[in-house]
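Coordinate analysis (summary)
The chain contents come next:
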Amino acid sequence: ETTKLLGDRLNIYQIHSATPETGVLEDHRVLEALGALRDRGVIVGLTTSGAPQAHTLRRAMDIEVGGEALFGVCQVTWNLLETSVGPAAQDAHDAGLGVIIKEAVANGRLTERGDVPVALGQLDNTPDAVALAAALAQPWSDVVLSGATTAEQLLSNLAAFSVDPAVIAQVPPMNEDPDRYWGKRSGFAWT
């Protein structure tokens, strides 16, 4: 359906929320269909989610269809509160996959309206700008999604490009246990 709608304008096709529970990475029919899409020149990607996202990413990196790696891009959750995917994302980047960071402001927790530690808001920048700058500073990060929904949020997010790298070095460690982070995230109301 997507290729019928977009034709040759489709550059990247990502499967959403690939988790062990979905079984998508074990479904050979799906993998073969994705391989056919890849063979037509479309970059095939996946988004990871949940505490085992590093495991899922590593599993995806091992999948070959027709003797070639299937995935060319991945979208991972990384932020100052949830950093566990970092080493796997570095390995993906080193293997040639594009790496997209989603949820860099932790679904609003790393913004002025969130529950960020006070120290993040005391770095002469908005918390979201510091959080996005930290994501942009990851050596394996190719794209960082902002998630802004208003013009004001977008302008605040864009300030990430002006955050001095020395400020990022001042950010205190704040990463949470992945199970705790994802448990808290699952309780958020989605609109």
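Above this text you will find the structure in question.
So, here's what we can say about the structure. (Residues numbered from 1 in each chain as written. Predicted model: local features only at pLDDT ≥ 70, side-chain atom pairs only at ≥ 80, totals over all residues. Heavy atoms only, no water.)

Moving on, we get to the overall build of the protein chain. Looking only at helices and strands, one finds eight helices and seven strands in the protein chain. The globule rule puts the C-alpha radius of gyration for 191 residues at 16 Å, and the 18 Å found for the protein chain is close to it. Taken along its principal axes, the extent of the C-alpha atoms in the protein chain is 50 × 35 × 35 Å. By the burial criterion, 43% of the 191 residues in the protein chain qualify as buried. Restricting the contact set of the protein chain to residue pairs at least 6 apart, pairs at least 24 apart contribute 77%. About 10200 Å² of surface is accessible on the protein chain, with carbon and sulfur atoms providing 53% of the total. (Helix = DSSP H or I, 4+ residues; strand = E, 2+ residues; numbered from the N terminus. Rg over C-alpha atoms; globule rule 2.2 N^0.38 Å. Buried < 20%, exposed > 50% of the residue type's maximum accessible area, 1.4 Å probe, protein only. Contact = heavy atoms within 4.5 Å. Areas by Shrake-Rupley, 256 points an atom, 1.4 Å probe, with all protein chains shown as cover.)

Here Thr2 shows up in helix α1 (residues 2-6). When the C-alpha positions of Thr2 and Gly72 are compared, they lie 18 Å apart, and in sequence the two are 70 residues distant. In this structure, Thr2 is in contact with Gly7, Leu10 and Tyr13, ignoring residues within four places of it in sequence.

Evaluated as defined, the whole model comprises two aromatic pairs. Pairing Trp78 with Trp140 gives two aromatic rings, centres 6.2 Å apart and planes at 80°, and the pair type is edge-to-face. Residue Trp78 is located in the loop between β5 (73-77) and α4 (86-94), and its partner Trp140 is located in the loop between α5 (127-136) and β7 (143-144); the two are separated by 62 residues in the primary sequence. Residue Trp78 shares its accessibility class with Trp140, and that shared class is buried. Between the aromatic rings of Tyr181 and Trp182, the centroid separation amounts to 5.4 Å while the plane-to-plane angle is 85°, which identifies the pairing as edge-to-face. Neither Tyr181 nor Trp182 differs from the other in exposure class; each is buried. (Phe/Tyr/Trp six-rings, centres within 6.5 Å; stacked < 30°, edge-to-face > 60°.)

Our next topic: the pattern of salt bridges. Side-chain pairs of opposite charge can arise whenever the charged atoms involved come near each other. Under the definition given, this model contains seven salt bridges. Here Asp39 and Arg38 are joined by a salt bridge, their closest N and O atoms 2.8 Å apart. By relative accessible area, Asp39 is classed as exposed at 55%. Between Glu103 and Lys102 there is a salt bridge, and its shortest N-O distance comes to 3.3 Å. Residue classification places Lys102 among the buried positions, given a relative accessible area of 9%. Among the charged side chains, a network of salt bridges with common partners joins Lys102, Glu103 and Arg185. (Salt bridge = Lys/Arg side-chain N within 4 Å of Asp/Glu carboxyl O.)

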